[in-house]
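Observations on the three-dimensional arrangement
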Amino acid sequence: MAQVLITGMGAISPLGADLPTSFARALEGHCAIGTAPANISKWLPDILLAPAASEPAALLDNKHAGLDRASQFALVAAGEALQQANFPAQPENSRRVGVFVGIGFGGAHTLDGLYDRFQAAVNSNGKRNPAMVHPLSVPRMMANAAAAAISMSHGFKGPSNTYSIACASSATAIGEAFRAIRDGYLDAAVVVGCEAMLTPGSILAWNALRVMAKPHATDPARSCRPFSQDRSGFVLGEGAAAMVLESAAHAGRRQQAGLGEVCGYGCSSDAAHLTAPSSAEQVYAMQQALADAGLQASDIQYLNAHGTATPSGDVVETESIRTVFGARENSTLAISSTKSMHGHLIGASGILEFALAVMAMNSGSLPPTATLETPDPQCDLDFIPLHARHGCTVNAIMSNSFAFGGSNVSLVARRYPS
Amino acid sequence: MLEEIIKNYLINTKGKDAALFDDPDLQVSALGLDSLDMVEMLFEIEDRCGFQLPDPTRYPKMGFAEMLADIEAAIRAHNNGEMPDLSLEAEQ
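Described below are features of the structure shown in this document. Sequence order sets the numbering: in each chain, residues are counted from 1 along the sequence as written. Going through the entries in the order they are written, you letter the chains from A and number the ligands from 1. Side-chain atom pairs in this predicted model are given and counted only at pLDDT of 80 or more, local residue features only at pLDDT of at least 70, and totals for whole chains, interfaces and linings cover all residues. The side-chain values count all of the structure's non-hydrogen atoms but skip hydrogen atoms and water molecules.

What about the overall build of chain A?
The number of helices and strands found in chain A is 13 helices and 13 strands. Taken against the 2.2 N^0.38 rule, which gives 22 Å for 418 residues, the C-alpha radius of gyration of chain A at 20 Å falls within 12% of a compact globule. Considering only C-alpha atoms, chain A reaches an extent of 70 × 55 × 40 Å along its principal axes. The rule is simple: take the accessible area with a 1.4 Å probe, protein chains only, and divide by the maximum for that residue type; under 20% is buried, over 50% is exposed, in between is partly exposed. For chain A, the proportion of its 418 residues judged to be buried stands at 59%. Strands here mean DSSP runs of E at least two residues long; helices mean DSSP runs of H or I at least four residues long; both are numbered from the N terminus. C-alpha atoms define the radius of gyration in this analysis, and the globule rule sets the expected value at 2.2 Å times the number of residues to the power 0.38.

Right under this line is the structure:
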């Protein structure tokens, strides 16, 4: 079986227009959360959002202007990762290079725009025909639009697969790409998670689910409060993150250094409740990932938690982590939820958080749970409250992504060379 | 107006060389438009005139001027022989 290396990473997130900026701002404890624009706040005055730090279209060639916003984010993040990996376009072994994308809700901007336009035409006193819809609406909003755009832009002719598993979408994409390379089906893959649904229609739907954070009394930016006694839910974000994964042999032939080794992937399903998590299968996902990596729990120094700041989700995840890693007094594991700063990017969350964890591993600087002022006694682990921790020795990391629908994914990476 | 809308779309959105349109014998096939490009281009007009133009696969076999004349004829046929103000419709 092949060793699978990360040779490039990228992101466009609420924290920054690239991954180094996003990581630096996470270490600063910067919370990129704010009030919603007028077209949303007029219906939901208390709703909070974490928009991307930059408009994706401004970072792309004009030929991509017509793509859905999620696909534009994907292209930006993939471009950064491929550039860092010095990965060629149209590679000679293009059929051995795949594209693996995770996305929760494909085409939200296109769909919302379509309904807006329809509504305007209906109300135009016959001046516009509501039936006139842009002919590329379907290819723009199909879930695999981002994978198609990356494959076509870079000439990768291996599988271009899209995984839609809510909050675990891009973590699954990493895991499946990891297996495809490890087991010899591919030499390399670009993995992307993307999400862009800060639209009125989407936000109304999320608000109806009653999982969104309420504004913090004094500082709305600090409203997402994972593992805190006063947590009230999550804040939706948008953006993308990307990784280039390749076999050690392939990277070696290109003389490309590894940024880390993906070494463990575990996945499971609760088979219980649509939204309420259950601990047993979260534990199993983490244990699978450790076994896959050939590591013990004590070999992991940092864990980027799913940590959405929902009342039950954080308690159940704490219980699961405690089961796998031991109680605080018996463990040196440091944990944080970076969602406190960048919000919840749904389909893009898994890969963004895994990328931040890999950067933490390589730098020895661990991003905090930036808003953890008053820990919930039920969340009794070391959740790195308020401030980043520097000078840490981190040999291996884990990242958790637990999705609506009961899908659980855990990923493990270790330093390379070890 | 019809010609300007289509030319502007092809130049500004599809990146076609403006000098191409100086040739009175320009063929649609010389514009290098695939089937999706063609329906996108026609949508620029359809959105303004409020109906779907028939059978876009005919156009690649035509000259550019012939295509414009054909589209104009279709619009007039849909509007009792009149040509609507496309720019005004587009702003509404």
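Side note on the sheet that holds strand β7 (residues 236–237) of chain A
Residues and elements named next belong to chain A. Between any two strands, pairing holds if DSSP finds at least two bridges. As summarised here, the arrangement of the three strands in space is β2-β3-β7, forming an open sheet in which the pairing is mixed. With one partner strand each, in any of the chains shown, β2 (34–35) and β7 form the two edges of the open sheet. Judged from the two bridges that link them, strand β3 (residues 48–50) and β7 form a sheet pairing that is parallel. The residue bridging Leu 49 from the neighbouring strand is Leu 236, located in β7.

Looking at the environment of Pro 88 of chain A
Residue and element names in this part refer to chain A. Looking at where Pro 88 falls in the secondary structure, it is placed in the loop between α3 (69–84) and β4 (97–102). On the basis of relative accessibility, which here comes to 38%, the residue Pro 88 falls in the partly exposed class. Separated by 67 residues in sequence, Pro 88 and Gly 155 have C-alpha atoms that sit 9.3 Å apart. Residues are treated as being in contact if the distance between any of their heavy atoms lies within 4.5 Å. When residues no more than four places from it in sequence are discounted, the contact partners of Pro 88 are Phe 156 and Arg 254.

Things to note about the sheet that holds strand β9 (residues 260–269) of chain A
All names here are of chain A. With mixed pairing, the 10 strands of this open sheet are ordered in space as β5-β4-β6-β8-β1-β9-β13-β12-β10-β11. Looking along the sheet, the strands with just one partner apiece sit at the ends: β5 (160–163) and β11 (334–336). Pairwise comparison of adjacent strand axes, ignoring direction, gives a mean angle of 25° for this sheet. Of the strand pairs in this sheet, β9 and strand β13 (residues 407–414) are connected by eight bridges, and their pairing is antiparallel. If you follow Ser 269 over to β13, its bridge partner there is Ser 407. Here an angle of 0 to 180 degrees is reported between the N-to-C directions of two axes, which are lines fitted to C-alpha atoms, with helices fitted over the stretch in contact.

What about the pairing of strand β8 (residues 239–247) of chain A?
All names here are of chain A. In terms of burial, β8 is largely enclosed, as nine of its nine residues are buried. Burial along β8 is two-sided: the face carrying Gly 239, Ala 241, Met 243, Leu 245 and Ser 247 and the face carrying Ala 240, Ala 242, Val 244 and Glu 246 are both buried. Direction of pairing for strand β1 (residues 4–12) relative to β8: antiparallel, over a ladder of eight bridges. Bridge pairing links Val 4 to Ser 247 in β8. Of the pairings in the sheet, the one linking strand β6 (residues 188–195) to β8 comprises eight bridges and is antiparallel in character. Bridge pairing links Ala 189 to Leu 245 in β8.

Observations concerning the nonpolar core
Inside soluble globular proteins, nonpolar side chains tend to come together where they are buried. All names here are of chain A. Counting residues in hydrophobic clusters, the biggest one holds 64 residues, and the most contacted among them are Phe 100, Leu 236, Met 243, Leu 245, Phe 354, Val 358 and Ile 397. The residues touching Leu 245, leaving out its near neighbours within four places in the chain, are Val 4, Leu 5, Ile 6, Ile 174, Ala 177, Phe 178, Ile 181, Asp 187, Ala 188, Ala 189, Val 191 and Val 262. The definition of a nonpolar core used throughout is a set of buried Ala, Val, Leu, Ile, Met, Phe, Trp, Tyr and Cys residues joined through side-chain atoms within 4.5 Å. Formed by 31 residues, the second largest nonpolar core is a distinct cluster that contains Ile 12, Ala 70, Ala 81 and Val 244.

Quick notes on α3 of chain A
Residue and element names in this part refer to chain A. A helix is expected to span 1.5 Å multiplied by its residue count minus one. The terminal C-alpha atoms of α3 lie 23 Å apart, and with 16 residues this matches the ideal 22 Å at 1.5 Å per residue to within 8%. Extensive coverage of α3 is indicated by the burial of 13 of its 16 residues. After α3 finishes, the residue Asn 86 shows a positive phi value of roughly 50°.

Some points on the side chain of His 342 of chain A
Residue and element names in this part refer to chain A. With respect to the helices and strands, His 342 occurs in helix α12 (residues 339–342). Of note is the side chain of His 342, whose polar atom sits 2.8 Å from the side chain of Thr 338. Aside from chain neighbours lying at most four places away, what touches His 342 is Pro 14, Leu 15, Ala 50, Gly 237, Leu 352, Glu 353 and Leu 356. We define a polar contact as two N or O atoms separated by no more than 3.5 Å, with the added condition that, inside protein, one atom must be a possible hydrogen donor and the other a possible acceptor, whereas residues neighbouring each other in sequence contribute only through side-chain atom pairs.

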